[in-house]
Amino acid sequence: MTVQRVGPAHAAVLAAIHGAAFPQEPWGAGALQVQLEMHSVIGLLDERGGLLLLRVTADEAEILTIGVVPAMRRHGVGRALLDEALDRAAALGVRALYLEVGVCNGPARALYEAAGFLEVGRRRRYYASGEDALVLRATLAAASDAAPTRLASN
Ligand SMILES: CC(C)(COP(=O)(O)OP(=O)(O)OC[C@H]1O[C@@H](n2cnc3c(N)ncnc32)[C@H](O)[C@@H]1OP(=O)(O)O)[C@@H](O)C(=O)NCCC(=O)NCCS
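Residues numbered from 1 in each chain as written. Predicted model: local features only at pLDDT ≥ 70, side-chain atom pairs only at ≥ 80, totals over all residues.

1. Thoughts on the site of the ligand
Inspection of the region around the ligand gives 20 residues, with Arg73, Gly78, Arg79, Pro107 and Ala110 positioned closest. Tallied by class, the residues present in the shell around the ligand amount to eleven nonpolar, six polar and three charged. (Near = placed C-beta within 6 Å. Nonpolar A, V, L, I, M, F, W, Y, C, P; charged D, E, K, R; others polar.)

2. Examining helix α3 (residues 77–91)
In a regular helix each residue adds 1.5 Å, so 15 residues correspond to 21 Å; α3 covers 21 Å between its end C-alpha atoms and thus fits that length. Among the residues of α3, those classed as buried are Val77, Gly78, Leu81, Leu82, Glu84, Ala85, Leu86, Ala89 and Ala90. Looking at the residues trailing α3, positive phi occurs at glycine 93, about 90°. (Helix = DSSP H or I, 4+ residues; strand = E, 2+ residues; numbered from the N terminus. Expected span 1.5 Å × (residues − 1). Buried ≥ 20, exposed ≤ 12 C-beta atoms within 10 Å, placed from the backbone.)

3. Section: unusual backbone geometry
At alanine 58, a residue that is not glycine, the phi angle is positive and equals roughly 55°. Mapped onto the elements of the fold, alanine 58 is located in the loop between β3 (50–57) and β4 (60–68). Look at alanine 58 and you get exposed, because 10 C-beta atoms sit within 10 Å. Positive phi, close to 45°, is recorded for arginine 125, a residue that is not glycine. Relative to the assigned elements, arginine 125 resides in the loop between β6 (118–123) and β7 (133–139).

4. Re the pairing of strand β2 (residues 41–46)
Bridge count between strand β1 (residues 3–6) and β2: four bridges; the pairing is antiparallel. Looking at the pairing, valine 6 lines up with glycine 43 of β2. Where β2 and β3 come together, six bridges link them in antiparallel fashion. Along β3, the bridge assignment pairs leucine 45 with leucine 51. Between β2 and β3, which follow one another and run antiparallel, lie three residues, and glycine 49 among them has a positive phi close to 125°. (Pairing = 2+ DSSP bridges.)

Written out as structure tokens, the structure is:
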């Protein structure tokens with residue numbers, strides 16, 4: 001198991017990973033610490049060089065960020081983080097998990113599609129670059145459901 005839940009004490013580590021994964025828009029340690037102090041936010045760290053922040057609100061959740069340092073991409077880090085987030089969300093009773101992704105972000109879109117996310121919306125010129133964002137959703141089976149799979153059929 002390379003993925004662990006972390007809190008505000010890991011803000012600097014997460015900031016270093018975020019800065020490497022998103023050099024155009026790094027999140028500082030202070031901003032990450034504030035987010036990790038919120039009860040609704042779950043921080044996940046993959047010790048190989050990946051982070052994910054998940055915000056849970058009742059039976060919905062949103063992936064705030066997911067990133068892997070360039071040297072460790074295509075080694076399953078992103079998938080491990082996403083799987084852990086999906087498992088934790090399902091265990092908390094989340095039924096719908098949302099995220100936004102740039103239309104031109106092929107690697108991330110491939111990761112999400114492989115994990116069962118479907119496109120449910122589009123935000124025009126959402127990013128500073130002018131790029132549109134797609135809104136994706138994964139529908140989860142509640143932990144108490146009898147269905148054997150985590151992802152629901154729709
Ligand atoms: C998107 C990102 C998190 C993926 O992380 P990763 O650790 O490289 O992904 P994984 O190795 O776990 O890949 C899992 C699957 O996603 C898909 N995938 C990931 N990167 C891909 C790429 N460059 N091209 C095509 N498919 C890709 C594949 O289906 C892959 O499975 P496979 O390796 O068995 O083919 C990483 O590229 C990243 O940090 N990008 C910059 C930050 C970013 O854009 N974050 C998302 C914002 S919405």
